[in-house]
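# Examination of the molecular architecture
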Amino acid sequence: MAKENFAKALVDLRNPNVRKIAFVEFDFGTKGPTLVAARTYNLDDAIDLDMDVDWSSEIKSTQRLV
């Protein structure tokens, strides 16, 4: 999904100095999000979840500008 969204963003890119931008390569790398902490809270009729996530990534993308 991220790859498709990135490609769509490039299609929608408008810049007077760029005639065309080509999507060449996309790689997620090996590192995914990391759960740092999680907490639960009991409410009257539900449970609340609170999570801390480190979203650092190794995403790499290559484009060609014309």
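Structure's up top.
Here goes a summary of the coordinates provided. (Residues numbered from 1 in each chain as written. Predicted model: local features only at pLDDT ≥ 70, side-chain atom pairs only at ≥ 80, totals over all residues. Heavy atoms only, no water.)

## Structural notes on the overall build of the protein
On a plain count of helices and strands, the protein comes out with one helix and four strands. Listing the helices and strands of the protein from first to last along the sequence gives α-β-β-β-β. In terms of C-alpha radius of gyration, the protein reaches 19 Å, well past the compact-globule figure of 11 Å for 66 residues. The C-alpha extent of the protein, read off along each of the three principal axes, is 60 × 25 × 15 Å. Every one of the 66 residues in the protein was classed for burial, and the buried ones make up 3%. For the protein, the share of sequence-separated contacts (at least 6 apart) that also reach a separation of at least 24 residues comes to 53%. Carbon and sulfur atoms provide 54% of the accessible area of the protein, an area that totals close to 5900 Å². Distance between charge centroids for the protein: 19 Å, based on 9 positive and 11 negative side chains. (Helix = DSSP H or I, 4+ residues; strand = E, 2+ residues; numbered from the N terminus. Rg over C-alpha atoms; globule rule 2.2 N^0.38 Å. Buried < 20%, exposed > 50% of the residue type's maximum accessible area, 1.4 Å probe, protein only. Contact = heavy atoms within 4.5 Å. Areas by Shrake-Rupley, 256 points an atom, 1.4 Å probe, with all protein chains shown as cover. Lys, Arg positive; Asp, Glu negative; His and termini not counted. Charge placed at Lys NZ, Arg CZ, Asp CG, Glu CD.)

## Examining the environment of Lys20
Structurally, Lys20 can be placed in the loop between α1 (2-11) and β1 (21-27). Distance in space between the C-alpha atoms of Lys20 and Arg64 is 8.2 Å, their sequence separation being 44 residues. Discounting residues that sit within four places of it in the chain, Lys20 has contacts with Arg64, Leu65 and Val66.

## What to know about the pattern of salt bridges
This structure, assessed with the given rule, holds two salt bridges. Note that Asp52 and Arg39 form a salt bridge whose closest N and O atoms lie 3.1 Å from each other. With Asp52 in strand β3 (residues 47-54) and Arg39 in strand β2 (residues 34-42), the pair connects residues that are 13 residues apart, well separated along the chain. The exposure class of Arg39 is partly exposed, given its relative accessible area of 29%. Each of Arg39, Asp50 and Asp52 takes part in a single network of salt bridges with overlapping partners. (Salt bridge = Lys/Arg side-chain N within 4 Å of Asp/Glu carboxyl O.)

## Considering the pairing of β3
Across eight bridges, the pairing between β2 and β3 is antiparallel. From the neighbouring strand, Thr40 faces β3, where its bridge partner is Leu49. As consecutive antiparallel partners, β2 and β3 are separated by four residues. (Pairing = 2+ DSSP bridges.)

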